[in-house]
Amino acid sequence: MQYRTHFTRDLDAGAVGTNVTVAGWVARRRDHGGIAFLDIRDGQGIVQVVVDPTQLPHVDELRMEFTVSVEGSVELRPEGTVNPELATGEIEIRAAQLDVLSPADPLPFMLDDRTDIDERLRLEYRYLDLRRPRMADNLRARSRATAAIRRTLDDLGFLEVETPTLIRSTPEGARDMLVPSRLRPGDFYALPQSPQLFKQLLMIAGVERYFQIARCYRDEDFRSDRQVEFTQLDLEGSFWTAEDVQTTIEATLAAATRELRGVDVPTPLPRLTWREAMERFGTDKPDIRFGMEIVDLSEVFTSTEFGVFANSLQSGGTIRGLNAGQRHLSRAEADGLIDRAKELGAKGLVWLQVEEDGALRSPVAKFLTATEESSLVKALDAKSGDLLLIAADRWKTALTVLGGLRNDLGRPQGHSDLAYLWVVDFPLFEEEDGKLTFSHHPFTAPTSIDEMRSSPESALSQAYDVVLNGIELGSGSIRIHDPAVQRQVFEILGIDAETAERRFGWFLDALRYGTPPHGGFAFGIDRLVMVLQEETSIREVMPFPKTQTGVDPLTDAPAPVEESQLAELGIELRPEIKKAREQADGGAGE
RNA sequence: GGGGGCGUAGAACAGCCUGGAGUGUUCGCCAGCCUGUCAAGCUGGAGGUCGCGGGUUCAAAUCCCGUCGUCCCCGCCA
């Protein structure tokens, strides 16, 4: 016998009169006694099968998600019974033979998209969850997106190269996932946070144009857009300027967008400098689908009597505001906004409601002069019914707080519109507890080496991020190809020569053998597909994601290993861990 | 590490504020009926450790404390 001659999606009016065999799952059974209908779902779609129970009595044994193979003739549906919702809705298969290939237990949850099932349960039965139309569509979309990206890069002459995933740990940046070595007990590999240094080595190796759809690992806490393991499009080119990198990335983003959305992304994408992004949107990953831009109000309040504002200005801070638009704030909502502002790092938040007569209602209204009020209204272009928010603080804090509130209040739901942009001219270093750390990664080239030497705090880097609808897709840069400059960066970062030699000596050596100027980029495939598929979590576009605590409910990983496995690796659990685990086991009462 | 939401039948929920018998809705499951449905329909039925532990009370799904799980956020994520 033959399980299948056709996929369901290939059946239409043109197939009427032919004999076909389809195979798939019973999505629905509608049994009318004298006639029964089956919706048969395969990897591509659904087709209706009509069964005469007098000829095929075992149709009443069928339940949801049985796998079956059905042979029969394709017929046009009788007039008035066409289903326009279904791609194959014009036709149906009149069953001549019906084979049950495999039965199915009653399902833990329904496989339609009509209710939100608890995510833990979905993950425990992910193999069923992935049968749901939306998830199956997400899987296919992801595959099509990566295929489009591969085609684009292949056409541009890129080489797809795999780099190792058991590598040396570099204790910078995110926490490394570690893998103990059996052959050298006490030593550890790390899983890569990105193929960064290997792709730079490939440039030194003369590969010139490299890409990889690379699995990366960062052992930090989970979010709706963050998993410990995730996938990036990673690429690098030699003899490249920033423009070359950006053009290539734009081509891959446009290809994926066209594939999944059927729309052309206008390129080149808009570019904002980091400073402008911060000043106008209060974040380095602005969502420019809406306005509500931040305004500098320092001028308005230069001689204010209001203590909070005056203090902020005196201590070198700033006063920024935004017009949150037509919005009536209840007492509870006002408290909520203030709490949120504090969560974002503010000491407080000033709100003002523009009343119908133009007067300002606010807890601080009594501290403001008429001149200040009118300047404020003018600066924020405030109209009757508008809600105004003001933060007075250090530059970065004030902007970050307003940027966060702007997103909370104005951000469009979903991702029906797409707004890509570049953020460029990032600072090379940022200050943290009075110490300089790299704001990108330590292999990023400064815009000017002289500037880096003379005033590192304000030096710019040749790094750039690409942002989509306020989500950071990824970042790249022109790299340092001069070992002397690379050493100098380490020095500015407070990594002494000896430490740099120990950690990165092998890389500094490599730079000495004719390194081409080079640069590259990496962006998150999961995040891109999430947005293009209008999902709000990357878990929806990952086949087997983990929960927020890093657990896979399907396989119950992570899990303990045998004592003998640990012994082979020269590893012993710390006594307090061992004790806690034994107590937990005892408490389970097994 | 911190803040918040949620946890009630196989699934999704309501009930909790204001304590009084495991009460209810939709889907699924089981049995029967049914010849044009497509979330088929009709009739009947089964199914519950109200996450877990403790406390308050004559009485707890409901109030309090703790704990576990999960989701969202802050920190963290070069």
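Residue numbers here run from 1 along each chain, matching the order of that chain's written sequence. For this description, chains carry letters from A and ligands carry numbers from 1, given in the order in which they are written. Given that this is a predicted model, residues contribute local features only at a pLDDT of at least 70 and side-chain atom pairs are listed and counted only at 80 or more, while totals for whole chains, interfaces and linings are drawn from all residues.

**Notes on the overall build of chain A**
Thought 1: Each helix is a run of H or I in the DSSP string that is no shorter than four residues. Each strand is a run of E no shorter than two, and both are numbered from the N terminus. Helix and strand counts for chain A stand at 16 helices and 22 strands.
Thought 2: As a rule, residues whose C-beta atom has 12 or fewer other C-beta atoms within 10 Å are exposed, those with 20 or more are buried, and those in between are partly exposed; C-beta atoms are placed from the backbone. Classification of the 590 residues of chain A by burial places 31% in the buried group.
Thought 3: What counts as a contact is two residues whose backbone-derived C-beta atoms lie within 7 Å of each other. Pairs at least 24 residues apart make up 67% of the contacts formed inside chain A by residues separated by at least 6 positions.

**Describing the sheet that holds strand β6 (residues 159-160)**
Two orientations exist for strands paired in a sheet by backbone hydrogen bonds: parallel and antiparallel.
Thought 1: An order of β6-β9-β10-β22-β21-β20-β17-β11 is seen for the 8 strands of this open sheet, with the pairing classed as mixed. The outermost strands of the open sheet, each flanked by one partner alone, are β6 and β11 (271-273).
Thought 2: Of the pairings in the sheet, the one linking strand β20 (residues 463-468) to strand β21 (residues 471-478) comprises 6 bridges and is antiparallel in character. Each bridged residue has a counterpart across the sheet, and for Tyr464 the counterpart in β21 is Gly476.
Thought 3: The strands that helix α5 (residues 242-261) touches are β10 (229-238), β17 (420-424), β20, β21 and β22 (518-524); relative to β22, the one it contacts most, it runs at about 30°. Note on pairing: two strands pair once DSSP finds at least 2 bridges between them. To get an axis, fit a line to the C-alpha atoms, keeping to the stretch in contact for a helix; angles then go from 0 to 180 degrees between the N-to-C directions.

**Some words on helix α10 (residues 395-410)**
Thought 1: When the terminal C-alpha atoms of α10 are compared, their 22 Å separation across 16 residues agrees well with the 22 Å that a helix rising 1.5 Å per residue should span.
Thought 2: Every buried residue belonging to α10 is among Thr397, Ala398, Leu399, Thr400, Val401, Leu402, Gly403, Leu405 and Arg406, and all of these are buried.
Thought 3: Each element contacted by the buried residues of α10 is listed here: α6 (274-281), β12 (294-296), β13 (318-326), α8 (331-343) and β16 (386-393). Expected helix span is computed as 1.5 Å times (number of residues minus one).

**Comments concerning the sheet that holds strand β1 (residues 19-31)**
Thought 1: Spatial strand order, β1-β2-β3-β5-β4: 5 strands in a closed barrel with mixed pairing. Averaged over all adjacent pairs, the angle separating strand axes in this sheet is 55°, with direction ignored.
Thought 2: Pairing of strand β2 (residues 36-41) with strand β3 (residues 46-51) involves 6 bridges; the strand directions are antiparallel. Bridged to Arg41 within β3 is Ile46.

**Structural notes on the nonpolar core**
Thought 1: What makes a nonpolar core is a set of buried Ala, Val, Leu, Ile, Met, Phe, Trp, Tyr and Cys residues, with links drawn between C-beta atoms within 7 Å. With 76 residues, the main nonpolar core has Leu388, Leu389, Ala391, Leu402 and Leu528 as its most contacted residues.
Thought 2: By size, the runner-up hydrophobic cluster in this structure holds 19 residues, among which are Trp25, Leu38, Ile40 and Val51.

**Some thoughts on the protein's contact with RNA strand B**
Thought 1: Should the C-beta atom of a residue, placed from the backbone, lie within 6 Å of a molecule or strand, that residue is near it. The local shell around RNA strand B holds 54 residues, among which Gly33, Gly34, Gly173, Ser224 and Gln548 are the closest.
Thought 2: Grouping the amino acids of the surface near RNA strand B by side-chain chemistry returns 16 nonpolar, 19 polar and 19 charged. Polar here means any residue other than Ala, Val, Leu, Ile, Met, Phe, Trp, Tyr, Cys and Pro, which are nonpolar, and Asp, Glu, Lys and Arg, which are charged; Gly is therefore polar.

**A closer look at the confidence of the model for chain A**
In low-pLDDT segments, the atomic positions of the prediction should not be examined closely.
Thought 1: The share of residues in chain A with pLDDT of 70 or more is 99%, and the mean pLDDT across the chain is 94.
Thought 2: Here the predicted complex scores 0.95 on pTM and 0.94 on ipTM. Per-residue confidence from the predictor is reported as pLDDT, which spans 0 to 100.

**Considerations on helix α14 (residues 525-532)**
Thought 1: Counting buried positions along α14 gives 8 out of 8 residues, so the element sits mostly inside the fold.
Thought 2: What α14 keeps buried is the set Ile525, Asp526, Arg527, Leu528, Val529, Met530, Val531 and Leu532.
Thought 3: At the exit of α14 stands Glu534, carrying a positive phi of roughly 60°.

**Section: the pairing of β1**
Thought 1: Where β1 meets strand β4 (residues 67-76), 7 bridges bridge the pair, whose relative direction is antiparallel. Looking at the pairing, Gly24 lines up with Val68 of β4.
Thought 2: Pairing of β1 with β2, which is carried by 6 bridges, proceeds in the antiparallel orientation. Each bridged residue has a counterpart across the sheet, and for Arg30 the counterpart in β2 is Phe37.
Thought 3: Joining the antiparallel neighbours β1 and β2 is a turn of 4 residues, in which Gly33 adopts a positive phi near 90°.

**Re unusual backbone geometry**
Thought 1: Of the consecutive residues Thr267 and Pro268, the connecting peptide bond is found in the cis state with omega at 0°.
Thought 2: Turning to its location among the elements, Pro268 is positioned in the loop between α5 and β11.
Thought 3: The omega angle of the peptide bond from Ala557 to Pro558 is 0°, so this bond is cis rather than trans.
Thought 4: Summarising the element assignment, Pro558 is placed in the loop between α14 and α15 (563-569).

**Remarks on the environment of Gly237**
Thought 1: Within the fold, Gly237 resides in strand β10.
Thought 2: In the structure, Gly237 is positioned 37 residues away from Gln200 in sequence and 9.0 Å away in space, judged by C-alpha atoms.
Thought 3: What Gly237 contacts, discounting residues up to four positions off in sequence, is Glu208, Arg209, Asp244, Val245, Thr248, His518, Gly519 and Gly520.

**Some remarks on the packing of helix α3 (residues 133-155) against α5**
Thought 1: Taken N-terminus to C-terminus, the directions of α3 and α5 make an angle of 140°; their axes are 8 Å apart at the nearest point. Looking at the two axes, α3 sits oblique to α5. As α3 runs across α5, the sense of the crossing is right-handed. Across the interface between the two elements, Ala141, Arg144, Ala145, Ala148, Ile149, Thr152 and Leu153 from α3 touch Ala251, Thr252, Ala255, Ala256, Glu259 and Leu260 from α5.
Thought 2: Grouping the constituent residues of the contact of α3 with α5 by class yields 9 nonpolar, 2 polar and 2 charged. Geometric relationships in this document are graded by angle, where less than 35 degrees denotes roughly parallel, more than 145 denotes roughly antiparallel, 65 to 115 denotes roughly perpendicular, and other angles denote oblique. Helix crossings fall into two classes, left-handed where the near helix is turned counterclockwise from the far one by less than a right angle and right-handed where it is turned clockwise.

**So, the environment of Ala141**
Thought 1: Take Ala141: it is sitting in helix α3.
Thought 2: It is 9.9 Å that separates the C-alpha atoms of Ala141 and Arg261, two residues lying 120 residues apart in sequence.

**What to know about the environment of His328**
Thought 1: With respect to the element layout, His328 can be found in the loop between β13 and α8.
Thought 2: Using a count of 8 C-beta atoms within 10 Å as the deciding quantity, one classes His328 as exposed.

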